[in-house]
Amino acid sequence: MQIGRPYQNDCLQAIVSLYRTGQNRLLTVLPTGGGKTRIFSHLPSHPCLDRDMTRRRTFVLNHRDELCAQTAAAMASANHGKRVGIEKAEARAGDADIVVLSVQSVGTDGGAARLAQFNPDHARVVIPDEVHLGPSPSWQAIFNHFRVLKGKQNDSAALLCGFTATTNRMDGVGLELLFDHIAYQEMDLKRMVDAGWLAPAIAKRFTTSVDISSVGKGKDGDLAIKTLGKTINIVARNEMILREYKPYSHLPTIGFAASVEHAQDMAELFSANGITAACVHAKTPDKERREIFEAFRSLYLRVLWQVDIASVGVDLPMATVGIFARPTLSNLWYTQAAGRLFRPYPAPEAAHSHTGYRKQYAVILDFVDNTAKHKLITAPTLYGLPAGFESKGKKLNEAKEEVEQLRLKLNGRLPLRNFSSIAALQAAQTDINLYELDEIPPDAKKFSRFVWHPVTDTVCALYLQSIPAVVEVATNLLGQREVYVVSNGVRAIQGTYSSPKDAFEYVESLADKSDRMFLDRRKGWRGEAPTSPQLWKLYFADPRLKSQFPSGKDFIRYAETEFARGNRGWTKGAVSTQINNLQVTK
């Protein structure tokens, strides 16, 4: 069954293949704009699933009422001959084959009676969209009704197939409560952009004079919205946002505000300065909301200020600029909001016949307030770069590629969070402080005796000379550990482990005697002074040292002095690790 883009076909095939092996708790991770709805809309009529007439019904879970009609239309288009119904607010699905459920309507305390009309024994497929919200009580009530929760008696035989673009939740609850396997996650944001399926983006970061250190956290772990709105919705800050935005005022724009009052004030300010603007929020009447969205799609309305309406599930692909006037701690919220901007316009399939406005690239404007207390999320974090990383006008996917190439030259051992720009990373190539030891990640320290280096917050790596290759242990969305071997530019998965202990034990089994000698951090010799032959070997192996020291003897004197001063980056073990890393890189 071919449904569209190559990766969409691959994703559908991966889901079906796992289901055929008896796996029925599957998660798919795909960036916003990747066409998740198009993929799951083809599940109800897939030959592999459309057999058991006892279990004939498909249930799609949308977390908001306003998304249901959009989903129902896609399901009807892909499933000819099947009845599609919506269960939300005043709408009733009746005996439809495919039911689009609003969690907002039926997942609350008053929704139990509505759920009771759906016999869980008739469920063939349960599809929670935006399933990163799944561990919340409203979603759990629905999962419990359909008996798809793990660890419950009489677990359903239905296929539970969740979709998300977001890799984590603010409250720290993982999706391992629901799913056993990640069916598909091959197309991350950078790959989608590089392949032309999503638009590239540039990011600009502006620091305001407002201090938000006093703003606490809400129950969801993000900044408390009520307090935040009052703190940042001030004239000077709003006027600064308008001033910095003006160079982009000819482009379709979505503004992300902290509160209804904030959105209204921003829309009024922009309108007063000759920029057509309006705002939408949860209480905007449906008719008015549809009119505003249509004005935006027709490019009559230049700026759409909103409060959590256009951040999830609304299709506005012409949106080119994002004004992030709301600071956030939530990677989840930011990923969803920024995803509105990565959609290409026109879609690649329609580009040849499209006339009119074309999006060349997205522009993300981050307005960051002063805080010594909070770690704010900004555009670079979408690519695994530090929040404060300055891309200096480069497209973020290109900046990420350049960073990865530079890290390769540095033997891959430097955490990205140490650098604020490409220039800083370039300077590190000749900075002798490279030889200061990285802090070993907690899991690696607990379950492995080897020296591991943090790459990102979820990935650590070491270098095995015997293969030779880089070996990575990465934590996935289900809290599992995935082991990768990176060799000759190819990153190949070796296995997925439910416990970190098993993952690190597997990596250690790959090491030979020489690897263990070099990498075992418990060996007593690692703390001893480096030998002269060892330092000469490092000097000749690393061209950075030749450019920094007039001669090998000068370098050796420097290293011996640093060791005498207590610098643990110049022990025999640390130097051996550096030699090992250099040899593997070569």
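Just so it is clear, the structure is predicted and the values come from calculations on it, not from any experiment.

A. Region of the structure containing the overall build of the protein chain. When its secondary structure is counted, the protein chain shows 21 helices and 18 strands. Residue burial in the protein chain is summarised as follows: out of 586 residues, 56% are buried. Of the contacts made within the protein chain by residues no fewer than 6 positions apart, 69% connect residues no fewer than 24 positions apart. Entry remark: accessible area of the protein chain is about 25100 Å², with carbon and sulfur atoms responsible for 51%.

B. Summary view of the packing of helix α18 (residues 532-541) against helix α20 (residues 552-564). At a minimum axis separation of 10 Å, α18 and α20 run at an interaxial angle of 120°. The orientation of α18 relative to α20 falls into the category oblique. Crossing of α18 against α20: the hand is right-handed. Each of Ser532, Leu535, Trp536, Leu538 and Tyr539 in α18 lies in contact with α20, whose residues at this interface are Gly552, Lys553, Phe555, Ile556, Ala559 and Glu560.

C. Local environment of the sheet that holds strand β5 (residues 123-128). Strand order in the open sheet formed by seven strands is β3-β4-β2-β5-β6-β1-β7, and the pairing between neighbours is parallel. Lying at the two open borders of the sheet, with one neighbouring strand each, are β3 (84-87) and β7 (181-184). The mean inter-strand angle of the sheet, taken between neighbouring strand axes irrespective of direction, is 25°. Where helix α1 (residues 6-20) meets the sheet, its contacts fall on β1 (25-29), β6 (159-164) and β7, and the angle it forms with β7 comes to roughly 145°.

D. Layout of the sheet that holds strand β16 (residues 469-475). Sheet architecture is open: five strands sit in the order β14-β15-β16-β17-β18, paired in antiparallel fashion. The sheet is open, and its two borders are formed by β14 (453-454) and β18 (490-497), each paired with just one other strand. Where β14 and strand β15 (residues 459-464) come together, two bridges link them in antiparallel fashion. What sits directly across from Pro454, in β15, is Cys460.

E. Structural context of the environment of Ile212. By the secondary structure assignment, Ile212 is in the loop between β8 (201-211) and α8 (225-232). Counting along the chain gives 115 residues from Ile212 to Pro327, while the straight-line C-alpha distance between them is 9.3 Å. Ignoring any residue separated from it by four or fewer positions in sequence, one finds Ile212 in contact with Leu223, Leu228, Thr231, Ile232, Pro327, Asp369, Asn370, Thr371, His374 and Leu376.

F. Representation of the environment of Val403 in the model. Within the fold, Val403 resides in helix α13 (residues 396-409). We classify Val403 as buried; its relative accessible area is 1%. Separated by 20 residues in sequence, Val403 and Ala423 have C-alpha atoms that sit 9.8 Å apart.

G. Broad picture of the layout of surface pockets. By volume, the second largest pocket amounts to about 860 Å³. Around the second largest pocket sit 31 residues that line it, and Gly35, Thr37, Arg38, Asp315 and Arg343 are the ones nearest its centre. Elements represented by at least two residues in the lining of the second largest pocket include exactly α2 (36-40) and α3 (68-78). Sort the elements by how many residues they give to the lining of the second largest pocket and α3 lands first, with five residues.

H. Quick look at the packing of aromatic side chains. This model, assessed by the stated rule, comprises 23 aromatic pairs. When the ring of Tyr7 is compared with that of Trp197, the centres are 5.8 Å apart and the planes differ by 65°; the resulting orientation is edge-to-face. Of this pair, Tyr7 sits in helix α1 while Trp197 sits in the loop between α7 (189-194) and β8, and the two are 190 residues apart along the sequence. Under the relative-accessibility criterion, Trp197 is labelled buried at 19%. An angle of 35° between the planes, with centres 5.4 Å apart, marks the rings of Tyr245 and Phe270 as tilted. Remark: Phe270 occurs in helix α10 (residues 260-272) and Tyr245 occurs in helix α9 (residues 235-245); sequence separation between them is 25 residues. The class of Tyr245 is buried, set by a relative accessible area of 0%. Of the aromatic side chains, those joined through ring pairs into one cluster are Trp536, Tyr539, Phe540, Phe549, Phe555, Tyr558 and Trp570. Residue placement shows Arg491 over the ring face of Tyr484; its charged tip is 3.6 Å from the ring centre.

I. Structural view of the environment of Lys150. For Lys150, the position within the fold is in the loop between α6 (137-145) and β6. For the pair formed by Lys150 and Phe179, sequence separation is 29 residues and the distance between their alpha carbons is 7.8 Å.

J. A look at the pattern of salt bridges. Summed over all chains, the structure comprises 23 salt bridges. In this structure, Glu87 engages Arg114 in a salt bridge whose closest nitrogen and oxygen atoms are separated by 3.0 Å. One end of the pair, Glu87, is in strand β3; the other, Arg114, is in helix α5 (residues 112-116), with 27 residues separating them in the sequence. No difference in accessibility class separates Glu87 from Arg114, as the two residues are buried. The network of salt bridges with common partners includes Arg56, Arg83, Asp95 and Asp97.

K. Broad picture of empty space enclosed by the protein. Tallied over the entire structure, the rule returns four cavities of 30 Å³ or more. The element contributing the most residues to the lining of the largest cavity is strand β13 (residues 362-370), with three residues. Residue composition of the lining of the largest cavity, by class: seven nonpolar, two polar and two charged. Considered as a void within the structure, the second largest cavity measures approximately 40 Å³ in volume. In terms of lining, the second largest cavity is formed by Ala203, Lys204, Arg205, Asp366, Pro380, Phe389, Glu390 and Ser391. At three residues, β8 tops the list of elements feeding residues into the lining of the second largest cavity. Split into classes, the residues belonging to the lining of the second largest cavity amount to three nonpolar, one polar and four charged.

Scoring rules and cut-offs
Residues numbered from 1 in each chain as written. Predicted model: local features only at pLDDT ≥ 70, side-chain atom pairs only at ≥ 80, totals over all residues. Heavy atoms only, no water. Helix = DSSP H or I, 4+ residues; strand = E, 2+ residues; numbered from the N terminus. Buried < 20%, exposed > 50% of the residue type's maximum accessible area, 1.4 Å probe, protein only. Contact = heavy atoms within 4.5 Å. Areas by Shrake-Rupley, 256 points an atom, 1.4 Å probe, with all protein chains shown as cover. Axes fitted to C-alpha atoms, helices over the stretch in contact; angles between N-to-C directions. Parallel < 35°, antiparallel > 145°, perpendicular 65-115°, else oblique. Left-handed = near helix turned anticlockwise from the far one by under 90°. Pairing = 2+ DSSP bridges. 1 Å grid on protein atoms, 1.4 Å probe; cavity = no way out; pocket = protein on both sides within 12 Å on 5 of 7 lines; lining within 4 Å. Points joined across faces, edges and corners; volume = space filled by probe spheres on them. Phe/Tyr/Trp six-rings, centres within 6.5 Å; stacked < 30°, edge-to-face > 60°. Lys NZ or Arg CZ within 6 Å of the ring centre and 35° of its normal. Salt bridge = Lys/Arg side-chain N within 4 Å of Asp/Glu carboxyl O. Nonpolar A, V, L, I, M, F, W, Y, C, P; charged D, E, K, R; others polar.

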